[in-house]
Amino acid sequence: MATSTTEVTPAPGAEHLVGQIRVAVPEGGLRHDLRAAGIVWRRELIRFRTDRLRAVTALIQPVLFLFVLGTGLGALAGRSLPPGISFKTFIYPGVLAMSVLFTAIFSAASIVWDREFGFLREILVAPVSRGSIVIGKCLGGATIATFQGIVFLVLAGFADVPYNPLLIITLIGELLLLSFTLTAFGVMMAARIKQFQAFMALTQMLVMPLFFLSGALYPLSGLPAWLSVLTRLDPLTYIVGPMRHAVFSHLAMPAAFEQHLSPAITWAGWAVPLGLSLGMVAVMGAGMTVIAIAEFSKTE
Amino acid sequence: MVANTSTDPEGAAATSAAAAPASEPVITVSGLTKQYGEVQAVRGIDFEVARGETFGFLGPNGAGKTTTIKILCTLANATSGSARVAGHDTRTERDSVRRNIGLVFQDTTLDTYLTAEQNLRFHAELYGVPKAAVIPRMHQVMDMVGLWDRKDSLVSTYSGGMQRRLEIARGLLHAPHVLFLDEPTVGLDPQTRSSIWAYINDLKRREDITIFLTTHYMDEAENCDRIAIIDHGKIVAIDTPEALKASVGKDRVQIHTADDAAAIAELKETFGIEAAVREGAVTFSVAAGEQFVPRLFAEFSIPIRQVSVSRPSLDDVFMSYTGSTIRDAEASGTDAMRAMAQRFRAGRR
């Protein structure tokens, strides 16, 4: 620990720096907002890169679902599937969505963490729009969650899902959309929930119902009315549907089976188009981002 | 209790004019109040800070220091009254205020999972420091606090003192006009505290900067050009440390006796002096202490084992304006709580 004042003197060769640097902080503007969003995004990536354990643990749950549950239940469920299509293939799109679910929502948990440890204050006193901070954060969470999804995408072959470039690009795009919306949801909650434990408990409580009601593990056709209604209320349904549709359209199977296993999402009999389905997810993401920005703009 | 000088704008203006050059003040606060539910944290304060001045807010925990700083830094809105910092209103021109101030909070606001350089780079991007200036300025401020050669270390490997120095460097990175230091040395050991002050004093020499700080350490308040003593949300005195000490006008006498209770009674009876036990000794204030002590020895019936006479310190100033010592005023034990929180934090890393 330095205690002498001699150490205060700049290192030899650095004296010339003193007082010669003109630092004029600009008057805001779009470029400044972009830089701010960019650094908030980059911090997420740096933190993720230094936390390998998190990347590995986040992969365990989807792998368990796909291979243990998928294989085990497959023996039972396989009989209603067409030849050549395994239960693993059927649940793969839903489990892929799950692989980003935890990472995306929990990346918002760092806001709660940052609040408890003070760093959030450093961010909130900066002369920059709250929007750029929230958007940078959501994009950061979306990026790392999508990266998690891509790692899981590598395992597609084990579930007999073909490595078709068009399919992969479609799935990555859908993962990105889903991740952004989920992170925005997490950020919105993190704006209100001040305690880390409370945040974790609440997200844990929400994640499983979201997953189970999304139709990730069963087709949405022929369900009892109560369950049918609940599945339509789950936002995740509107992304799992299009993802399964993308996978199934690259598999060779009779149209009747595709109709049964990957039916269109219906509202009182009306089939929701894929575009609307994805658009709803995007609108939800945007709406929650706006709420989060409003929350963070409040002053004590 | 001495009359509240803060409600006397003429008096306040006179003192600031005496101590500072007559340019437009960097901080102007008038009639500021802040209410948190039932609790009135700040009860109407007025003051001005001149350019280049080091201005200290001295008071016990819970006196309203941090609340005031939060309002000045745009982190909280005042319930009533106004505050202008660097020529901008803290409520309506928030971003302009933010661009012109640097902040060092009581508790660390560093990302300990990032390196020192990454923390500073984050700050530079967030404040929009021109790209060409980022590296030279980063070099300059880190040199100033002697951390440039440790720039690639994770902040979690830094000691408490190093973290505080890094925060000071970061607060200066965007070349603010005003640097706010909220209890800059709280929780640090005495040696580290004095080194932090060496850096702050050095900084005053080098940068054209106004410093606003809060402290509850008397010895630190001595470093300020002017001090405002704040107690229960009000400014009770505001002046230079010397003037404040002179205003007390009395010396402090402490005696160790065989029977403290009897000594206090006899002091009152014989000399008409109110005394009390402070820091384990019978303590009282008296004009011209050196001349009083011989009289005391001649006329006192209780044996005196030890005697000390001291010129008024800021402790005495605080006591004469608020009626209690700053340590007594801190019975709330917030320091102990903060120490506990820090231990908890260290354990979680």
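Residues numbered from 1 in each chain as written. Chains lettered and ligands numbered in written order. Predicted model: local features only at pLDDT ≥ 70, side-chain atom pairs only at ≥ 80, totals over all residues.

(A) Main features of the overall build of chain B. The helix and strand tally for chain B stands at 14 helices and 14 strands. Across the 349 residues of chain B, 47% fall into the buried class. Once local pairs closer than 6 in sequence are excluded, the contacts in chain B between residues at least 24 apart make up 71%. (Helix = DSSP H or I, 4+ residues; strand = E, 2+ residues; numbered from the N terminus. Buried ≥ 20, exposed ≤ 12 C-beta atoms within 10 Å, placed from the backbone. Contact = placed C-beta atoms within 7 Å.)

(B) Here's a closer look at the overall build of chain A. Along its length, chain A carries 11 helices and 2 strands. Going from the N terminus to the C terminus, chain A shows its helices and strands as α-α-α-α-α-α-α-α-α-α-β-β-α. Across its three principal directions, the C-alpha atoms of chain A cover 80 × 35 × 35 Å. Across the 300 residues of chain A, 40% fall into the buried class. Summarising the internal contacts of chain A: among those between residues at least 6 apart in sequence, 83% fall at separations of at least 24.

(C) Representation of the nonpolar core in the model. Residues A:Ala97, A:Val187, B:Ala169, B:Phe180 and B:Ile229 are the most contacted members of the largest nonpolar core, which totals 151 residues. For B:Ile229, the residues in contact, after removing those within four places along its chain, are B:Leu58, B:Gly59, B:Ile235, B:Val236, B:Ala237, B:Phe318 and B:Tyr321. (Core = buried A, V, L, I, M, F, W, Y, C linked by C-beta atoms within 7 Å.)

(D) Seen up close, the sheet that holds strand β11 (residues 251-257) of chain B. Residue and element names in this part refer to chain B. The strand order β12-β13-β11-β14 describes an open sheet built from 4 strands, whose pairing is antiparallel. Only two strands of the sheet have a single neighbouring strand rather than two, namely β12 (276-278) and β14 (304-310). For this sheet, the mean angle separating the axes of adjacent strands, direction not counted, is 35 degrees. Here 6 bridges tie β11 to β14, and the two strands are oriented antiparallel to one another. The residue of β14 that forms the bridge with Thr257 is Ile304. Lying on the sheet, helix α10 (residues 260-271) is in contact with β11, β12 and β13 (281-286); it crosses β13 at an angle near 20 degrees. (Pairing = 2+ DSSP bridges. Axes fitted to C-alpha atoms, helices over the stretch in contact; angles between N-to-C directions.)

(E) The arrangement of the domain arrangement of chain B in detail. As assigned here, chain B comprises domain 1 (5-245) and domain 2 (250-311). When each unit is reduced to the centre of its C-alpha atoms, the spacing between domain 1 of chain B and domain 2 of chain B is 40 Å. (Domains from an automatic or database assignment.)

(F) Main features of the packing of helix α3 (residues 87-116) of chain A against helix α7 (residues 196-212) of chain A. Residue and element names in this part refer to chain A. Following both chains from N to C, one finds α3 and α7 inclined at 165 degrees, their axes separated by 10 Å at the closest point. Taken together, α3 and α7 sit at an angle that is classed as roughly antiparallel. Seen along the crossing, α3 lies across α7 with a hand that is right-handed. Contacts from Met98, Leu101, Phe102, Ile105, Phe106, Ala109, Val112, Trp113 and Glu116 in α3 reach Phe196, Phe199, Met200, Thr203, Val207 and Phe211 in α7. (Parallel < 35°, antiparallel > 145°, perpendicular 65-115°, else oblique. Left-handed = near helix turned anticlockwise from the far one by under 90°.)

(G) Structural context of the sheet that holds strand β1 (residues 27-36) of chain B. Residue and element names in this part refer to chain B. The sheet built from 4 strands is open, its strands ordered β2-β1-β4-β5 with antiparallel pairing. Edge positions in the sheet fall to β2 (39-49) and β5 (88-89), since each has one partner strand and no second. In this structure, β1 lies alongside strand β4 (residues 80-85), joined through 5 bridges in antiparallel fashion. Directly across from Val29, in β4, lies its bridge partner Ala83.

(H) Geometry of unusual backbone geometry. Its identity as a non-glycine residue notwithstanding, A:Asp160 has a phi of 60 degrees, on the positive side. Within the secondary structure, A:Asp160 sits in the loop between α5 (130-153) and α6 (165-192).

(I) Main features of the environment of B:Ala262. Residue and element names in this part refer to chain B. Relative to the assigned elements, Ala262 resides in helix α10. Given 13 C-beta atoms within a 10 Å radius, Ala262 is considered partly exposed. Taking the C-alpha atoms as reference points, Ala262 and Ile45, separated by 217 residues in sequence, lie 42 Å from one another.

(J) Summary view of the confidence of the model for chain B. When the pLDDT values of chain B are averaged, the result is 83; 87% of them are 70 or greater. For chain B, per-element mean pLDDT is lowest for helix α1 (residues 9-19) of chain B, which scores 40, and highest for helix α4 (residues 116-126) of chain B, which scores 95. (pLDDT = per-residue confidence, 0-100.)

(K) Structural detail: the environment of B:Gly233. All names here are of chain B. Looking at the element boundaries, Gly233 is found in the loop between β9 (226-231) and β10 (234-239). Looking at Gly233, the number of C-beta atoms within 10 Å reads 23, which means it is buried. Placed 64 residues apart in sequence, Gly233 and Phe297 show a C-alpha to C-alpha distance of 42 Å. Dropping the residues within four chain positions of it, Gly233 is found in contact with Gln40, Ala41, Val42, Arg43, Ala63 and Gly64.

(L) Structural context of the pairing of β10(B). All names here are of chain B. For β10, the tally of buried residues reaches 6 of 6 residues, placing the bulk of the element in the interior. With 5 bridges joining them, β9 and β10 adopt antiparallel strand pairing. Along β10, the bridge assignment pairs Asp231 with Lys234. Hairpin remark: β9 followed by β10, antiparallel, with 2 residues in the connecting loop; positive phi at His232, about 50 degrees.

(M) Representation of the packing of helix α9 (residues 241-248) of chain B against helix α12 (residues 314-322) of chain B within the structure. All names here are of chain B. Here α9 crosses α12 at 60 degrees, and the two axes come no closer than 9 Å. Our classification of the angle between α9 and α12 gives oblique. Our pair here, α9 against α12, has a crossing hand that is left-handed. Every residue of α12 that contacts α9 at Pro241, Leu244, Lys245 and Val248 is listed here: Leu314, Asp316, Val317 and Ser320. Looking at the contact of α9 with α12 residue by residue, the class counts come to 5 nonpolar, 1 polar and 2 charged. (Nonpolar A, V, L, I, M, F, W, Y, C, P; charged D, E, K, R; others polar.)

(N) Spotlight on the pairing of β1(B). With 8 bridges connecting them, β1(B) and β2(B) associate as antiparallel partners. Its bridge partner lying in β2(B), B:Val29 is registered against B:Phe47.

(O) Highlighting helix α6 (residues 160-172) of chain B. Residues and elements named next belong to chain B. For α6, spanning 13 residues, the distance from its first C-alpha to its last is 19 Å, which sits close to the expected 18 Å at 1.5 Å a residue. Among the 13 residues that make up α6, 12 are buried, leaving the element largely enclosed by the rest of the structure. Those residues of α6 that fall on the buried side of the exposure criterion are Gly161, Met162, Gln163, Arg164, Arg165, Leu166, Glu167, Ile168, Ala169, Arg170, Gly171 and Leu172. In the core, the buried residues of α6 are packed alongside β6 (101-104), α4, α5 (131-144), β7 (178-182) and α7 (190-206). (Expected span 1.5 Å × (residues − 1).)

(P) Inspection of the environment of A:Ala145 at higher detail. Residue and element names in this part refer to chain A. Mapped onto the elements, Ala145 comes out in helix α5. Ala145 sits in the buried class, given 28 other C-beta atoms within 10 Å. Separated by 44 residues in the primary sequence, Ala145 and Leu101 place their C-alpha atoms 7.7 Å from one another.

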